[in-house]
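Summary of the model geometry
Given next are the chains, with one letter for each unit.
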Amino acid sequence: MNKILVTGALGQIGSELVMKLRELYGSDNVVATDIRKPDCKVVNSGPFELLDVTDMKTFSKIAKKYTVDTVMHLASLLSANAENNPLLAWNINMGGLINALEVARELDAQFFTPSSIGAFGPNTPKDFTPQDTLQRPTTMYGVNKVSGELLCDYYYKKFGLDTRGVRFPGLISYVTPPGGGTTDYAVEVYYEAIKKQAYTSYIKKGTYMDMMYMPDAINAIIQLMEADASKLVHRNAFNITAMSIEPEQIAQEIKKHIPNFKLNYKVDPDRQSIADSWPNAIDASAAQQEWGFKAKYDLASMTKDMLEKLSKNQVHKVS
Ligand code: SER
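So, a few notes on the structure that sits alongside this text. (Residues numbered from 1 in each chain as written. Predicted model: local features only at pLDDT ≥ 70, side-chain atom pairs only at ≥ 80, totals over all residues. Heavy atoms only, no water.)

Leu 78, Ser 79, Ser 116, Tyr 141, Gly 181, Thr 182, Thr 183 and Trp 278 make up every residue found near the ligand. Ser 79 is positioned such that a nitrogen or oxygen atom in its side chain is 2.6 Å from an oxygen atom of the ligand. Within the complex, the protein chains bury 93% of what would otherwise be the 230 Å² of accessible surface of the ligand. Counting atoms within 2 Å of the grid points, the majority share of the ligand lands in the largest pocket. Taken together, the residues of the shell around the ligand break down into 3 nonpolar, 5 polar and no charged. (Near = heavy atom within 4 Å. Polar contact = N/O pair within 3.5 Å; in protein donor to acceptor, adjacent residues only side chain to side chain. Areas by Shrake-Rupley, 256 points an atom, 1.4 Å probe, with all protein chains shown as cover. 1 Å grid on protein atoms, 1.4 Å probe; cavity = no way out; pocket = protein on both sides within 12 Å on 5 of 7 lines; lining within 4 Å. Sits in = over half its atoms within 2 Å of the grid points. Nonpolar A, V, L, I, M, F, W, Y, C, P; charged D, E, K, R; others polar.)

Here we take up helix H9 (residues 247–255). Within the sequence span of H9, burial applies to Pro 247, Ile 250, Ala 251, Glu 253 and Ile 254. Looking down the long axis of H9, one finds its buried residues gathered within 165° of arc, a one-sided arrangement. (Buried < 20%, exposed > 50% of the residue type's maximum accessible area, 1.4 Å probe, protein only. Helix = DSSP H or I, 4+ residues; strand = E, 2+ residues; numbered from the N terminus. Arc of directions from axis to C-beta.)

Tracing the backbone shows Ser 173 in the loop between strand S10 (170–172) and helix H7 (185–196). Taking the relative accessible area as the measure of exposure, Ser 173 reaches 1% and is therefore buried. A C-alpha to C-alpha distance of 7.2 Å links Ser 173 and Met 306, two positions 133 residues apart in sequence. Only 2.6 Å separates the side chain of Ser 173 from the side chain of Glu 16, close enough to count as a polar contact.

Bringing the pattern of salt bridges into the picture now. Enumeration according to the criterion identifies 15 salt bridges in this entry. Here Glu 49 and Lys 65 are joined by a salt bridge, their closest N and O atoms 2.7 Å apart. Within this pair, whereas Glu 49 is found in strand S3 (residues 48–50), its partner Lys 65 is found in helix H3 (residues 56–65), the two being separated by 16 residues in sequence. A relative accessible area of 16% means that Glu 49 is categorised as buried. Residues Lys 196 and Glu 192 are paired through a salt bridge, measuring 3.0 Å at the closest nitrogen-oxygen approach. Of this pair, Lys 196 and Glu 192 both sit in helix H7, separated by 4 residues, roughly a single helical turn. Its relative accessible area of 54% is what places Lys 196 among the exposed residues. (Salt bridge = Lys/Arg side-chain N within 4 Å of Asp/Glu carboxyl O.)

Geometrically, a packed helix pair is captured by the angle between its two axes and the distance between the axes. Put simply, helix H1 (residues 14–25) and helix H8 (residues 214–226) touch, their axes get as near as 10 Å, and they point 50° apart. Judged by the inter-axis angle, H1 sits oblique to H8. As H1 packs across H8, the resulting crossing turns out to be right-handed. The segment H1 lies against H8, with Glu 16, Leu 17, Lys 20, Leu 21, Leu 24 and Tyr 25 engaging Met 214, Ile 218, Asn 219, Ile 221, Ile 222 and Glu 226. (Axes fitted to C-alpha atoms, helices over the stretch in contact; angles between N-to-C directions. Parallel < 35°, antiparallel > 145°, perpendicular 65-115°, else oblique. Left-handed = near helix turned anticlockwise from the far one by under 90°. Contact = heavy atoms within 4.5 Å.)

Attention now goes to the side chain of Thr 70. Relative to the assigned elements, Thr 70 resides in strand S4 (residues 70–73). A distance of 2.9 Å separates a polar atom in the side chain of Thr 70 from a polar atom in the side chain of Asp 69. Residue contacts for Thr 70: discarding those within four places in its chain leaves Met 1, Asn 2, Lys 3, Ile 4, Leu 5, Ala 109, Gln 110 and Met 225.

Turning next to the packing of aromatic side chains. The geometry of an aromatic ring pair comes down to the distance between the two centres and the angle between the two planes. Under the definition given, this model contains 7 aromatic pairs. With a centroid separation of 6.3 Å and 90° between ring planes, the pair formed by Tyr 185 and Tyr 202 is classed as edge-to-face. On the criterion of sequence distance, the pair formed by Tyr 185 in helix H7 and Tyr 202 in the loop between strand S11 (198–201) and strand S12 (209–213) is long-range, its members being 17 residues apart. What makes Tyr 185 buried here is its relative accessible area of 1%. Ring centres of Trp 291 and Phe 293 lie 5.8 Å apart, and the angle between their planes is 50°; on these two criteria the pair is classed as tilted. When sorted by exposure, Trp 291 lands in the same class as Phe 293, which is buried. Ring-pair connections join several aromatic residues into one group, and the members of that group are Tyr 154, Tyr 155 and Phe 159. The aromatic ring of Tyr 156 is capped on one face by Arg 235, whose charged end is 4.0 Å from the ring centroid. The ring of Tyr 202 has Arg 271 lying over it, and the distance from NZ or CZ to the ring centre is 3.5 Å. (Phe/Tyr/Trp six-rings, centres within 6.5 Å; stacked < 30°, edge-to-face > 60°. Lys NZ or Arg CZ within 6 Å of the ring centre and 35° of its normal.)

Counting residues in each nonpolar core, the largest one holds 39 residues, and the members touching the most others are Met 72 and Trp 291. Put simply, the parts of the chain that give this core at least two residues each are strand S1 (4–7), H1, strand S2 (30–34), helix H2 (41–44), strand S9 (166–168), H8 and helix H11 (285–291). When residues in this core are grouped by element, the largest group, 8 residues, is from H8. Other than its neighbours up to four places away in sequence, Trp 291 contacts Val 166, Ala 220, Gln 223, Leu 224, Ala 227, Leu 232, Phe 238 and Ile 240. Listed in part, the 38 residues of the second largest apolar core include Ile 258, Leu 263, Trp 278 and Met 302. (Core = buried A, V, L, I, M, F, W, Y, C linked by side-chain atoms within 4.5 Å.)

A word on the pairing of S11. Side chains Tyr 199 and Ser 201 project from S11 onto a buried face, and the interleaved Ala 198 and Thr 200 project onto a face without burial. Where S11 and strand S15 (residues 262–265) come together, 4 bridges link them in parallel fashion. The residue of S15 that forms the bridge with Ala 198 is Lys 262. (Pairing = 2+ DSSP bridges.)

Below, the structure written as structure tokens:
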């Protein structure tokens with residue numbers, strides 16, 4: 001990885017990944033792209049280009065202008081948004097991905113794109129979900145993610161393109177909020193805990209899903225991209241996770257820091273049914289064996305850090 005292009009650079013993952021990559025590989029060597037250009041750190045700390053990933057011509061032009069050798073394709077619609085607008089999701093998620101793969105092929109660039117626990121469906125084994133298993137998702141997002149996994153495998157097999165990827169669980173961060181995902185409750189709960197000492201969850205008590213703190217997710221991407229190719233059996237869509245949790249457990253952990261925190265419920269049937277179709281806990285042993293994946297943060301250390309960072313941000317906002 002010498003010259004890296006990132007799409008969706010202002011999104012939940014991109015905004016932290018770009019800053020970390022710039023720190024490690026040099027600011028000028030990380031080209032951030034997104035469909036909007038606000039005045040922010042990612043835009044101002046290195047090369048930035050406006051890019052709609054469905055516009056193949058501009059995509060290819062930018063990649064060639066910087067002669068990139070790595071494409072990290074993050075631009076996509078999350079699960080709940082995709083369910084509300086399936087055609088748009090197909091066009092952005094699949095149209096963007098095929099363009100990104102073609103651009104990478106033109107430049108023989110290394111390629112990363114995330115899949116998700118959303119690539120599993122209701123008849124996938126729910127606990128200790130294996131790396132290789134039944135994948136018949138019932139959401140448009142899931143259909144996109146499975147197709148994406150297959151497409152990346154295909155580009156590797158057919159064209160020898162160095163494609164790599166992980167199946168991310170719900171990602172939790174204090175930097176950029178997610179938008180339109182099913183696991184967003186696990187982020188919102190921390191923001192509201194600081195602001196109001198209370199949160200109303202749209203996900204039902206007892207609904208287990210895999211989650212991970214963003215620093216672990218960023219490290220996983222970089223570690224996988226730097227991994228010895230000869231050791232990778234799976235390449236695309238490695239299961240990775242840091243914890244399998246449900247709303248009550250987060251509340252218990254928050255209460256250790258904010259004793260009067262109160263968790264209420266007002267279940268959203270649409271997002272609940274997406275959550276119910278996903279695994280409770282996935283098995284990440286292939287990622288561990290093939291490239292040494294290991295998450296540092298568990299629920300306790302993540303909660304402590306999230307609350308510390310968010311209260312600091314609040315203080316900054318007020319002062
Ligand atoms: N966090 C994502 C979502 O909820 C899952 O990949 O859509």
